[in-house]
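Next come the chains, spelled out residue by residue.
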Amino acid sequence: MTGHRMETDLLVIGAGSGGLSVAAGAAQMGARVVLLERGLMGGDCLNFGCVPSKALIAAADRAHAPVGADMFGVILPPARIDWAGLRAHIRDSIARIEPMDSQERFEGLGVTVLRHSGRFLSPDEVQAGPHVIRARRIVLATGSKPLIPPLPGLETVPYLTNETLWDLDRLPEHLLILGGGPIGLEMAQAFRRLGSRVTVVEAKRALAREDGEMAAVVLDALRGDGVTLLEGQAVTEVSAQDDGVALRLADGRQVAGSHLLVATGRRPALEGLDLDRAGIETGPQGIRTDARLRSTNRRVYAVGDVAGQGQFTHLAGYHAGIVLRAVLFGLPARVRPDIVPRATYTRPELAQVGLTEAQARLRYGTALEVIREPLHHNDRAIAGRQTTGLLKLMVHRGRPVGVSIAGAQAGELIGLWALALSARLKIGQVAGMVAPYPTLTELNKRAAGTYFAPRLFQSRVVKSATRLVQRMLP
Ligand SMILES: Cc1cc2nc3c(=O)[nH]c(=O)nc-3n(C[C@H](O)[C@H](O)[C@H](O)COP(=O)(O)OP(=O)(O)OC[C@H]3O[C@@H](n4cnc5c(N)ncnc54)[C@H](O)[C@@H]3O)c2cc1C
Ligand SMILES: NC(=O)c1ccc[n+]([C@@H]2O[C@H](COP(=O)([O-])OP(=O)(O)OC[C@H]3O[C@@H](n4cnc5c(N)ncnc54)[C@H](O)[C@@H]3O)[C@@H](O)[C@H]2O)c1
């Protein structure tokens, strides 16, 4: 397409999880949409994030299958890794999802897709390559990038990030990982299970955002797998070593490995946007927005990682729905952060929606009730020898205000509670659900039932009422 001035209803900058959802929704509802993407269609999740990481974890599950198989009376030979085959599996997983995010599909939906970087010229005009686009509304969906800490020597060694990890030409002998957040720990366990030695160096506390008791379940499992986890360890220097990398720690120790993965958090992708020309303010987390995701320029919205409220594909999708209501119909929808779940796909998994126990105690004090349901009471978990972990349910006045789950399939189990919180269901409605037997989801029902147990079984009123009715029945 030759360069020219364009007018559109909606301009979306960034074709990742957030931008694609906005563009698809708006185009299908009849708006004129222009979508800019300077890199790969599908953004981080498809190409460098969720999809390759979950494909790698799935391969690691296979590699780990022989461990403990004897407890089922099955003896399996130790796994051998065909690295080229594993990489092909990762590429294939991406390739099978790619068509949904492709330029062709979006053009088929009526979206004008331009493979250029966007840069503001004025509050409602954006330059994209040779094009100048004036839009009634603009959505920033530019995502985030790896945050590289300013460690002495780091720039002198060949380190990996989530953008380069998938190009490794061999399984690392000893993978050093900087950062014990979701990226660091998911990758730590997966590479360990594939056969690498793995050392994680975390400056503070691993999985610090999570309930400490729940995080401990996961961290114990990682240590059990043989991951070396060094917490509260600042790195003072990074240096190259024959055939690898060495980290000097604040206590003087040195840890050496064959490869280094930097997973120390994210920064919003704002470079080159010239936001000041459009009156769009930013903070350390990203674009400053109100609860409707509107920036300080009322025509411009932000969704996904760049909005600075968390970094999840489903959050970007949720944001997209809110912004679509605003830009297409002028409806004032607001973000409800309390209904957005998160899950970390270690084995066991760790999932959360709403408040953690500490947050709920702070908000509700003695009016809070906390129900704890260990997985070892669940028949399906027992039969599958997956009894490690627990569910914690935080209840205020008969309604769930937060749920934490550490255990097998926690990411699946949290779905019910995400619905309960978003629909403001009462615990009684979850307790009234009939769950198929034997399933892990019975854990959800049982937790809700446990909330009622003392009210039903230890209540003198209930006992008296039962006796009275029994006397009156024929
Ligand atoms: C290793 C890893 C694993 C993850 N696993 C999960 C997971 O299991 N579950 C989960 O929910 N989330 C996961 N995430 C997070 C998830 O990938 C992000 O939250 C999600 O991709 C955010 O979507 P987005 O649309 O905001 O940004 P992105 O997907 O990053 O898309 C932004 C797009 O904007 C483009 N862009 C940037 N600037 C410009 C510009 N000026 N002009 C034009 N285009 C531009 C970029 O090229 C990019 O394609 C993971 C992330 C990583 C790194
Ligand atoms: N399953 C999922 O949904 C999933 C998976 C992976 C990533 N993500 C998203 O991506 C985001 C980024 O993940 P992340 O793990 O990179 O970031 P993070 O911010 O969650 O964790 C980074 C960790 O690195 C530590 N750190 C920072 N500087 C350090 C240093 N110099 N030395 C040692 N440790 C240091 C921090 O203390 C922190 O614990 C997550 O917050 C999450 O939202 C989601």
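Keep in mind that what you see is a predicted model, and the values were worked out from it rather than measured.

Caption draft 1: Expanded view of the domain arrangement of the chain. Domain annotation of the chain identifies domain 1 (4–144 + 267–338), domain 2 (154–265) and domain 3 (339–457). A separation of 27 Å is found between the C-alpha centroids of domain 1 and domain 2. If you look at the interface, domain 1 gives 19 residues, while domain 2 gives 15 residues. In total, domain 1 and domain 2 occlude about 1,500 Å² of area from one another, counting both sides; carbon and sulfur atoms represent 64% of this. Applying the counting rule to domain 1 against domain 2 returns one salt bridge. As a salt-bridge pair, Glu186 and Lys54 come within 2.7 Å of each other at their nearest N and O atoms.

Caption draft 2: Examining the packing of aromatic side chains more closely. Evaluation of the coordinates by the stated rule reveals two aromatic pairs. Here the aromatic rings of Tyr451 and Phe452 are separated by 5.0 Å at their centres, their planes lie at 80°, and the arrangement is edge-to-face. According to the relative accessible area criterion, Tyr451 is buried, its value standing at 6%. When the ring centre of Tyr451 is taken as origin, the NZ or CZ atom of Arg455, which lies over that ring, is 3.9 Å away.

Caption draft 3: Broad picture of helix α6 (residues 182–194). Counted at 1.5 Å a residue, the expected span for α6 with its 13 residues is 18 Å, and the 18 Å between its end C-alpha atoms agrees. By the burial criterion, the buried members of α6 are Gly184, Leu185, Glu186, Met187, Ala188, Gln189, Ala190, Phe191, Arg193 and Leu194. Phi for Gly195, located one or two positions after α6, is positive at around 120°.

Caption draft 4: The arrangement of the sheet that holds strand β8 (residues 174–178) in detail. With respect to topology, four strands assemble into an open sheet ordered β10-β9-β8-β14, the strand pairing being parallel. Both edges of this open sheet fall to β10 (228–230) and β14 (259–262), since each of them pairs with a single strand only. Averaged over all pairs of adjacent strands, the angle between strand axes in this sheet comes to 20°, irrespective of strand direction. Across three bridges, strand β9 (residues 197–201) lies against β10 in parallel orientation. Its bridge partner being in β10, Val201 is matched across the sheet by Leu230. In the packing of α6 onto the sheet, the strands contacted are β8, β9, β10 and β14, and the crossing angle to β9 comes to about 165°.

Caption draft 5: A look at the packing of helix α3 (residues 50–64) against α6. It is at 8 Å that the axes of α3 and α6 come closest, and there the two elements cross at 35°. Every pair of crossing elements has a handedness; the one defined by α3 and α6 is left-handed. Between α3 and α6, the residues in contact are Ser53, Lys54, Leu56, Ile57, Ala59, Ala60, Asp61, Ala63 and His64 and Glu186, Met187, Ala190, Phe191, Arg193 and Leu194, respectively. Broken down by class, the residue content of the contact of α3 with α6 amounts to nine nonpolar, two polar and four charged.

Caption draft 6: Here's a closer look at the site of ligand 2. Not every one of the 22 residues close to ligand 2 is listed here, only the nearest: Glu186, Glu202, Arg209, Gln311 and Ala343. A distance of 2.9 Å is found between a nitrogen atom of ligand 2 and a side-chain nitrogen or oxygen belonging to Glu186. Listing elements by their share of the shell around ligand 2, those giving two or more residues are α6 and β19 (342–344). When its residues are assigned to classes, the shell around ligand 2 shows ten nonpolar, seven polar and five charged.

Caption draft 7: Quick peek at the pattern of salt bridges. Enumeration according to the criterion identifies 30 salt bridges in this entry. With its nearest N and O atoms 2.7 Å apart, the salt bridge here joins Arg193 to Asp225. Taken as a pair, Arg193 in helix α6 and Asp225 in helix α7 (residues 212–225) lie far apart in primary sequence, 32 residues in all. Just as Arg193 is buried, Asp225 falls in that class too. Residues participating in the shared-partner salt-bridge network are Asp211, Glu213, Glu357, Arg361, Arg372 and Lys392.

The rules behind these values
- Residues numbered from 1 in each chain as written.
- Chains lettered and ligands numbered in written order.
- Predicted model: local features only at pLDDT ≥ 70, side-chain atom pairs only at ≥ 80, totals over all residues.
- Heavy atoms only, no water.
- Domains from an automatic or database assignment.
- Contact = heavy atoms within 4.5 Å.
- Buried area = accessible area lost by both parts, 1.4 Å probe.
- Salt bridge = Lys/Arg side-chain N within 4 Å of Asp/Glu carboxyl O.
- Phe/Tyr/Trp six-rings, centres within 6.5 Å; stacked < 30°, edge-to-face > 60°.
- Buried < 20%, exposed > 50% of the residue type's maximum accessible area, 1.4 Å probe, protein only.
- Lys NZ or Arg CZ within 6 Å of the ring centre and 35° of its normal.
- Helix = DSSP H or I, 4+ residues; strand = E, 2+ residues; numbered from the N terminus.
- Expected span 1.5 Å × (residues − 1).
- Pairing = 2+ DSSP bridges.
- Axes fitted to C-alpha atoms, helices over the stretch in contact; angles between N-to-C directions.
- Left-handed = near helix turned anticlockwise from the far one by under 90°.
- Nonpolar A, V, L, I, M, F, W, Y, C, P; charged D, E, K, R; others polar.
- Near = heavy atom within 4 Å.
- Polar contact = N/O pair within 3.5 Å; in protein donor to acceptor, adjacent residues only side chain to side chain.

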